[in-house]
Each structure stands twice: as C-alpha cells, then as structure tokens.
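Results of the structural survey
Chain by chain, the residues:
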Amino acid sequence: MKYPKLFSPIALSPACVLKNRIVKTGQSTWRWNQDGSAQDSAGEDLYENIARGGAAAVIIGGCAIEDTPGIYLGLWDDKFIPGLRHLADKVHKYDCRIFAQFHHSGPAAWPRLGALPISSSSLGLDEIPMKPPLANPCREMTLEEIREKQRQIVEACVRADQGGFDGMEIHVAHGYLLNSFVSRVWNHRTDEYGAQNVENRTRIVREIFEEARRRCRPGFVLGVRMNGREYGADGAITLEEAVENARAFEAMGAQFINVAGYGYGEAPFRYCPDYFPYPEPEDFMKPYMEAYRGKGLWTDSASRIKKAVSVPVITAGRMNEDLAEKILEDGDADIIGIGRGLWADPEMPRKILEGRPEDIVRCTRCGTCEDPPVGRPRRCRVNPAMGRESLFAIRPAEKKKKVVVIGGGPGGYVAAIRAAQLGADVTLIEKEQLGGTCLNVGCIPTKALLHGAELYNEAKNASEWGVYTDIRLDFTAMQRRKAAVVRKLIGGVQGLLRANGVKVIIGTAQFLD
C-alpha cells in the first residue's frame, strides 16, 4: 500500500475506532431542512455521500444550540433527535463515524436588531481587533449568561448522543464564543473566567466537559477544536499559550484535539490557511510564510501540541495524500482533517486507496464555497452536485430527448456530456472554438489554469467510458507554449464529446420550423 499511515486505523476511545486517518472537518453547509432538522435533507445526502466515499469520520459543523432555523442543524430541542438518528444511521452504513460540532459565533456574530454580539468581555469600536464589517463591538456575558450557554452546549451534547452520534467536538477555535474566553484578544475579564492564567481562561470549557461527561454515555467521545496560534492582534494566542490550553483540554477529558488557527486582518477568509498570501501577505504574516509553504500553518502548531499531549491530534489545511502521509510519518499529527477537498470530491479517500489519485477532482481553493450568494447554501465550483446529490445523480432518462447546447465553454461542454450520459441526443453549437475564452491563457492565466485542471480530470475520468485522451499539462510552461496547450485542451474536449456521442457544430446554426 502506497499510503500505509493514512489508511491505518486509530482509536479515539475503546469503543470508537476510525478505519483510517481521514476526517471530514466541520464546516457549515446551510443544506438542512428549513426547520433545522436533518431527515431527508440535502445535508443528509451530502454527508452520506462523503461517508460512502471512504472518509473515516465526518464532523458536522454548524450545529446550533439555540433557535436558528433554516441555516444550521438543530440541536436546541429534543424534536431533532429522530432526524439526527436518521442521519447517523446513513453515515454508519459505510463504517464511518459521525460527530457534531456545536456552533455559536459569539463576538463574530452580526449584530441583530441593534443588539450587540456577546463575548467574554465588552469591547468598543476602538478595542475590537478588526473594524466593521470584519468585526463589531461586543457585550460582556454575565455569569448567568455563561451558565445558560454552558447548559445549552451540554444539552446539545446529550441530544447528539441520543441521536446516535459518536461524539461532539467542542468548538473553542476561530473567533467564536468559547475562543473569546481563551484568547486575550477578547478576554479582558478580571473574575474567575478571565485570561489571567490557563486555569481561568479554560474554566468555561472545563465546566462544559465535566457536565457533558456526567450526562452522556461513557462511549460518547468528547473532543475539542482549538486555535494553535492566532495572528495579527494584540493579545493573540501564542503557540506557548496554545500548548498550555491543549494540556488543560486533555486534563479535563478531551479525547482528541483538532488544531486550527485564526488571523485578524483584512483577508476575507481568516480561518482558512490559504488566502492570506494573496496578493501579498500582510506584514504580520510574513514570518509564517516558510511554514505555509512547508507542511502548512495549522500543522506547524499541531506538531508542537502533539508533543505536549497524549490524545490524538488532528491537523488540516491544503491537504493532499502525499503531504498527509508525510505529516503522519513525521509524527506531526495523528489524523488528517480535510474540509473543502471532500466537498470537491467526496470519493477522494477511496480513489487514493485504490491507487487512482489522478481521478480525484481537486479543490482549486477558489473560495466559491466561502462566498455563496446571500441567503443561499454553500456550493462548490468543481462539484456542482455538492449538497444536491439526489438532483444530480446520473440516471438514464425514461424518455429520450433531443438537446441543443449553445456555447462550447466549460459550462457548455460539461452540460452536453452530462445530458448525453442521461440518454439525450445532444448537439453542441460553438461559434468559435471549443473550450471558450478560458483557453485564452495569455489574458486570463488563473482561470485558464483552473479550467485546465478541470479538463485534465475530465479526460482522466473518460477512461472508464472507453476513450483515450492524450492530455499532459505542464502548467509552469503554459505561457510559453500557449498555442500547443490550447490545441491539447481543445483536443481533449473534442475527445470527451465524441466519447459521449455529442454532435458538434462549429460556427452558426439556425433553427428551422
């Protein structure tokens, strides 16, 4: 086996063993039913598909502890337990574990109806680490409010347990509610929940762990997601403080530690370790470029934390199978978290295991999933079926139809291929050249590179349809060999269309009565 570490099992507890080291990290999808339930929702289809693809576990991000219908998966009421069980059963069919990750934005929330977001401390406009709309002034929680939020989180753990989930990831990362207590960026309190020392700043988490452990069954796994480091603000969590926090989390009963990070700056994706270098890293991030180019920012922190604790440590960020195996071999982490990569291709683990890495549809890190239209669920640029698996399933049509597709760019030729696979008689009409303007490598290099990557994946997948397409792309030489690259890309599109029986007209066409 080429990746023995990646596909070796690991135990989170005697009763919870992961079949491999690949875990789908927690991300909100906004694909649940309008009332927050799971059963028969698009979100349920999405996670069943990821489980089917070979991941050892899925962490369901965006699980709400208070009434937030239409966006997050509901954990705030017992009425959700049957739907949780339905979801868990679907995931468990594939020997895949399922964890909830509760969500409360805390100071990262948008102000609602004039009310300030809650946090560990009250911060005014001149005290918050970023200016609106990236951050907003926030209000200090009273002791009574702290108790109420702890109760809601523990109740969410109990419902996840009763719903057949394998565990809960307590979210103490990014800029969210519990992180506002462990980070001195937000925590200016002087009471027992202040940031004066590790005992006080982690007290709110310890009390949650103690009560959740008391009320949940012994086999229910409790883990934590934490910032291994924060960047770009006074009081940001240092690596040394993160190590102290990790040791405290282990001592209070955390059975795994999932290491993330957070940056305070103008970059729009502060919790994704991809985007800060573009177009240029801000000054406070320049010292971390070597780690970014190496095993990644999160792994840089996870490696130090792993040396300080004995429970399994998860790392994430721009992962592929070779980097993952290297991290595991070097002892930098125990488990590899993959988020957007499993949105792009839920079958990624199985393809790696079967020795078909060239068939993986890679995440291009374009950020489309992080910036959906207002009021719409998350989507993926390279996987239009994400969250719409039932709708996009390729099944032969009961009645064969004639379909005309106008335009031979990426959208057009893929639509033509998919329509043909559904059994339609397809004609594609393109006025100038197949591949569209994306092939103008000199004018739009980034778009051309992404289009080339998509076409490469399409061509590789064509082998199962009995067609050989000769595409060997050297992106570093694309500019120098523009004409040759364009010819190869066009040839690849032509081959895919021929393989699926699509008729192609280059030029103009007129519809006749």
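Up top is the structure these notes are about.
A few points on the structure.

Thresholds applied
- Residues numbered from 1 in each chain as written.
- Predicted model: local features only at pLDDT ≥ 70, side-chain atom pairs only at ≥ 80, totals over all residues.
- Heavy atoms only, no water.
- Helix = DSSP H or I, 4+ residues; strand = E, 2+ residues; numbered from the N terminus.
- Buried < 20%, exposed > 50% of the residue type's maximum accessible area, 1.4 Å probe, protein only.
- Contact = heavy atoms within 4.5 Å.
- Areas by Shrake-Rupley, 256 points an atom, 1.4 Å probe, with all protein chains shown as cover.
- Phe/Tyr/Trp six-rings, centres within 6.5 Å; stacked < 30°, edge-to-face > 60°.
- Disulfide = S-S within 2.5 Å.
- Salt bridge = Lys/Arg side-chain N within 4 Å of Asp/Glu carboxyl O.
- Pairing = 2+ DSSP bridges.
- Axes fitted to C-alpha atoms, helices over the stretch in contact; angles between N-to-C directions.
- Expected span 1.5 Å × (residues − 1).

Quick look at the overall build of the chain
Secondary structure summary: the chain contains 16 helices and 16 strands in total. Taken over 513 residues, the chain has a buried fraction of 57%. Looking at the chain alone, contacts between residues at least 24 apart form 67% of all its contacts between residues at least 6 apart. Accessible surface for the chain amounts to roughly 22,500 Å². Of this, 52% is attributable to carbon and sulfur atoms.

A few points about the packing of aromatic side chains
Evaluation of the coordinates by the stated rule reveals seven aromatic pairs. Geometrically, the ring pair formed by Phe-181 and Tyr-193 is edge-to-face, given 6.4 Å between the ring centres and 75 degrees between the ring planes. Of the two residues, Phe-181 sits in helix 4 (residues 179-182) while Tyr-193 sits in the loop between helix 4 and helix 5 (198-201), which places them twelve residues apart along the sequence. Given the relative accessible area of 0%, Phe-181 is considered buried. Ring geometry for Tyr-262 and Tyr-264: centres 5.0 Å apart, planes at 75 degrees, overall edge-to-face.

A closer look at the side chain of Ser-301
Mapped onto the secondary structure, Ser-301 falls in helix 9 (residues 297-306). A relative accessible area of 1% places Ser-301 in the buried class. Sequence-distant contacts of Ser-301, that is, excluding residues within four places in its chain, are made with Gly-228, Arg-229, Tyr-231, Leu-239 and Val-259.

Section: the state of the cysteines
Under the counting rule described, the total for this entry stands at zero disulfides. You can see Cys-157 has no disulfide; the closest cysteine sulfur is in Cys-216, sitting 5.4 Å from it.

Observations concerning the pattern of salt bridges
Across all of its chains, the model carries 33 salt bridges by this definition. For the salt bridge of Arg-189 with Asp-191, the shortest nitrogen-to-oxygen distance reads 2.8 Å. Since its relative accessible area comes to 8%, Arg-189 is described here as buried. For Asp-191, a relative accessible area of 23% corresponds to the partly exposed category. A salt bridge links Arg-350 to Glu-354; the nearest nitrogen and oxygen atoms lie 3.9 Å apart. For Arg-350, a relative accessible area of 26% gives the class partly exposed. It is possible to trace a salt-bridge network through shared partners that takes in Glu-44, Glu-48, Arg-52, Lys-90 and Lys-93.

Thoughts on the sheet that holds strand 14 (residues 402-406)
Here three strands make up an open sheet; going across it, the order is 14-15-16 and the pairing parallel. Strand pairing shows two members of the sheet lacking a second neighbour, strand 14 and strand 16 (503-506), which therefore form its edges. Taken over all neighbouring pairs, the strand axes of this sheet differ in orientation by 20 degrees on average, direction set aside. Sheet analysis places strand 14 next to strand 15 (residues 425-430), joined by five bridges and oriented parallel. Following the sheet pairing, Val-405 is matched in strand 15 by Leu-428.

Some details on helix 6 (residues 203-215)
The terminal C-alpha atoms of helix 6 lie 19 Å apart, and with 13 residues this matches the ideal 18 Å at 1.5 Å per residue to within 8%. Among the structural elements, helix 3 (143-162), strand 9 (167-172), helix 4, helix 5, strand 10 (221-231) and helix 7 (239-251) are those in contact with the buried residues of helix 6.

Focus: the environment of Ile-10
If you trace the backbone, Ile-10 turns up in strand 1 (residues 10-13). With relative accessibility at 11%, the residue Ile-10 sits in the buried group. Measuring from C-alpha to C-alpha, the distance between Ile-10 and Ile-335 comes to 8.4 Å, with 325 residues separating the pair along the chain. Discounting chain neighbours no more than four positions away, the residues touching Ile-10 are Cys-16, Val-17, Leu-18, Asn-20, Arg-21, Pro-312, Asp-334 and Ile-335.

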